[in-house]
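Overview (structure and organization)
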Amino acid sequence: MPDTEKASNTVNPIKRELIRNALVTIADNMIVTVIRTSRSIVVKNNLDFSSCICDAEGQLVAQGLALPAHLGAMMPALKGCMDFFGDDIHSGDILASNDPYSGASHLNDVFMFAPVYSASGVRIAFVCLILHHTDMGGRVPGGNAADSTEIFQEGLRIPPSKIYESGKPNPTLFNIIKTNVRVPDMVIGDMRSQISALQVAERELVKLFDDYDPKDLKIYMSDLIDYSERLTRAGIAALPDGSVDFTDWNDDDGAGSGPVKFQVCLTVKGDEMTVDFTGTSPQTSGALNPNFWFTASCSFAAIRTVLDGDIPNNAGFFRPIKVIAPEGCFVNPLFPAPVGARGQGAYRVRSVVLGALAQLLPDRMPACPGGSEMAIVFAGYNPDRSPFLLLEFHNMTGLGGGPRMDGQEAGPYCLGNVANVSVEVIEAESPVMVEEYAFLPDTGGPGTHRGALGIVRQFRLLAEKATVQVRSDRQKHKPWGLQGGGGGALGKCIMDPATDDEVATPSKFIGTMKRGQVFRGEMPGSGGHGYPFKRDVDAVLEDVRQEKVSLEHARTAYGVVINDDGVDVAATAKLRSV
């Protein structure tokens, strides 16, 4: 039955919670729809996409269970579309954009928004989806090349557009996209999945009008945002006041220069927080620069980890947090800077903000997560000239050691949260054999609580030839430890390992592989927390038994001597006393 309450400023907290859960469920159902209908590995298996609902003014109200890095990326892209179309937005329209200089993120991330109207023609909300599409054209397959020098090299740039207008598809735009990408069946298939999920969400949101008057629903959406702001301010006010600084480094800029300095000053004053990137290196000619909106989004995601998990994810969370990044610096580049590989720069945004939070909250924060930065593309043509393109992101290396426990092996972290792609799926859909997928012993940062181990993926090419493109880092600057803990082991990229042709490659490169060649990517381990010689002896012994730590590493890193009978207590005590 329709809600008989008159729209008013009186808010019932129970009703607010029911509406909140209903909106989140609709956002989550978009995710389920995409998983069941999408085509590409990066979407249906890696889960590199996000959903949300925004109010009629474009303010985030409810977010689906997806990528934290997208926490603050939706609203700028929607604003770019709303600013362009103004009053020319109608029922049945679906707006689309991937232009980083109109509020979007990078060209592979296509944002789509569908407005939702009441029966009387009043706009109530937008349902929103962002998908990372496998390819958007450009000079290098997959769109993650780190050495592009301007955005025009990176592929098809879609300004704010209508991919559907009054319920009908825009054939011209679909044809332009289909003509400019290397794997059109995959890209167009994912776009149709994206559109279908929006249409399902629109219908579900309209069904809410049977239970809640649309005017009343708008009041509760606004109140949900205010409610999140109040909770966020209370959470920030509970943190200690003060300003802390932290510096982290990228090995290079992807275009032959480096290292790149990431500098942040984090200030807590009362119930507000400021994240200031002044002092960060200038933007470079490479494509690792994250644009400002993505820098802010990743900062929000890092801060989210230290506040109450029950705070609703919406625009109210952003209001007490100010992000400052001078124009022209690495994390706020000016047009026409390329941003295709901006994900790797964004990982460093995450780690530098987490490092600052660790100075502010030394008893709560874990050390730096390792790995989590490798993207790899294999692309080429099958014997029948049909294209193949494998794009995969490795974001499951694990967490740093914390004040109370070891870092979780192969766990997600506060930025990515993408899923593992199974070996069977990769081999079934691509001419690639995964020869090794394993933990790397002795790579976790030593500490009272050890960092998670690094992970290796080793690929053998089965096709005649392919372009390979790799985007990674941490071959020179270790993931940092805390409170006396050691850094995680450095990463490595190796072509044709254990052969006469073995060669170590840079962390970011584009090359050609021939049939039978092997690429090995070793992802860095996570940092440790606390002095290693204070680690529980039995924990070291268990690590050795599980082959996470070698006998030699147990002795040199932890001062624990182990023989055939177990721990040599006397030798260990002597070694640890030095």
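These figures come from a predicted structure and were not determined experimentally. (Residues numbered from 1 in each chain as written. Predicted model: local features only at pLDDT ≥ 70, side-chain atom pairs only at ≥ 80, totals over all residues. Heavy atoms only, no water.)

1. Structural notes on the packing of helix α4 (residues 171-180) against helix α5 (residues 184-207)
Worth spelling out the cut-off: Only the contacting stretch of a helix is used when fitting its axis, a line to C-alpha atoms as for every element, and angles between N-to-C directions run 0 to 180 degrees. Helix and strand assignments follow DSSP, with helices taken as H or I runs no shorter than four residues and strands as E runs no shorter than two, numbered in order from the N terminus. Left-handed describes a crossing in which the near helix is turned anticlockwise from the far one by less than a right angle; the clockwise case is right-handed. Any two residues having at least one pair of non-hydrogen atoms within 4.5 Å are treated as being in contact.
α5 packs onto α4 with a crossing angle of 145° between their chain directions and a minimal axis gap of 8 Å. Seen along the crossing, α4 lies across α5 with a hand that is right-handed. Taking contact as the criterion, the partners of Phe174, Ile177 and Lys178 in α4 are, on α5, Pro184, Val187, Ile188, Met191, Arg192 and Ile195.

2. Some details on the packing of aromatic side chains
This is how the line gets drawn: Put simply, two rings from Phe, Tyr or Trp (the six-membered ring, in Trp's case) pair if the centres are within 6.5 Å, and we call them stacked under 30 degrees between planes, edge-to-face over 60, tilted for the rest. Here the term buried applies to any residue with accessible area under 20% of the maximum for its type, exposed to any over 50%, and partly exposed to those in between, with areas from a 1.4 Å probe on protein chains only. The criterion for a charge sitting over a ring is simple: Lys NZ or Arg CZ within 6 Å of the ring centre, and within 35 degrees of the ring normal.
The full count for this structure, using the stated rule, is ten aromatic pairs. Look at phenylalanine 84 and phenylalanine 85: their rings are 5.0 Å apart centre to centre, the planes differ by 85°, and that puts the pair in the edge-to-face class. The buried category is assigned to phenylalanine 85, whose relative accessible area is 13%. Here phenylalanine 509 and phenylalanine 519 contribute two aromatic rings whose centre-to-centre distance is 5.9 Å and whose plane-to-plane angle is 55°, an arrangement assigned as tilted. Note that phenylalanine 509 is positioned in strand β19 (residues 508-514) and phenylalanine 519 in strand β20 (residues 518-522), a separation of ten residues in sequence. Each member of the pair phenylalanine 509 and phenylalanine 519 is classed as buried. Ring pairs connect the aromatic residues Tyr101, Phe152 and Phe335, which therefore count as one cluster. Seen from the ring of phenylalanine 294, arginine 342 lies directly overhead, with NZ or CZ sitting 3.9 Å from the centre. Positioned above the aromatic ring of tyrosine 381, the side-chain terminus of arginine 385 is 4.4 Å from the ring centre.

3. Quick look at the environment of phenylalanine 388
In this fold, phenylalanine 388 is placed in strand β13 (residues 387-394). Residue phenylalanine 388 is classed as buried on the basis of its relative accessible area of 6%. For the pair phenylalanine 388 and methionine 186, spaced 202 residues apart in the sequence, the C-alpha separation amounts to 9.9 Å. Every residue in contact with phenylalanine 388, bar those within four places of it in the chain, is listed here: Phe378, Ala379, Gly380, Tyr381, Asn382, Pro431, Ala463, Lys465 and Ala466.

4. Let's talk about the sheet that holds β13
Condition: By definition, two strands form a pair when at least two bridges between them are found by DSSP.
On the basis of which strands lie adjacent, the open sheet formed by four strands has the order β13-β12-β16-β19 and antiparallel pairing. If you trace the sheet from one side to the other, it starts and ends with β13 and β19, each paired once. On average, each strand axis in the sheet is tilted by 15° relative to the strand beside it, whichever way the strands run. The pairing of strand β12 (residues 374-381) with strand β16 (residues 465-471) spans five bridges and is classified as antiparallel. Along β16, the bridge assignment pairs valine 377 with glutamine 469.

Without other data, these values stay purely geometric and don't point to any function.
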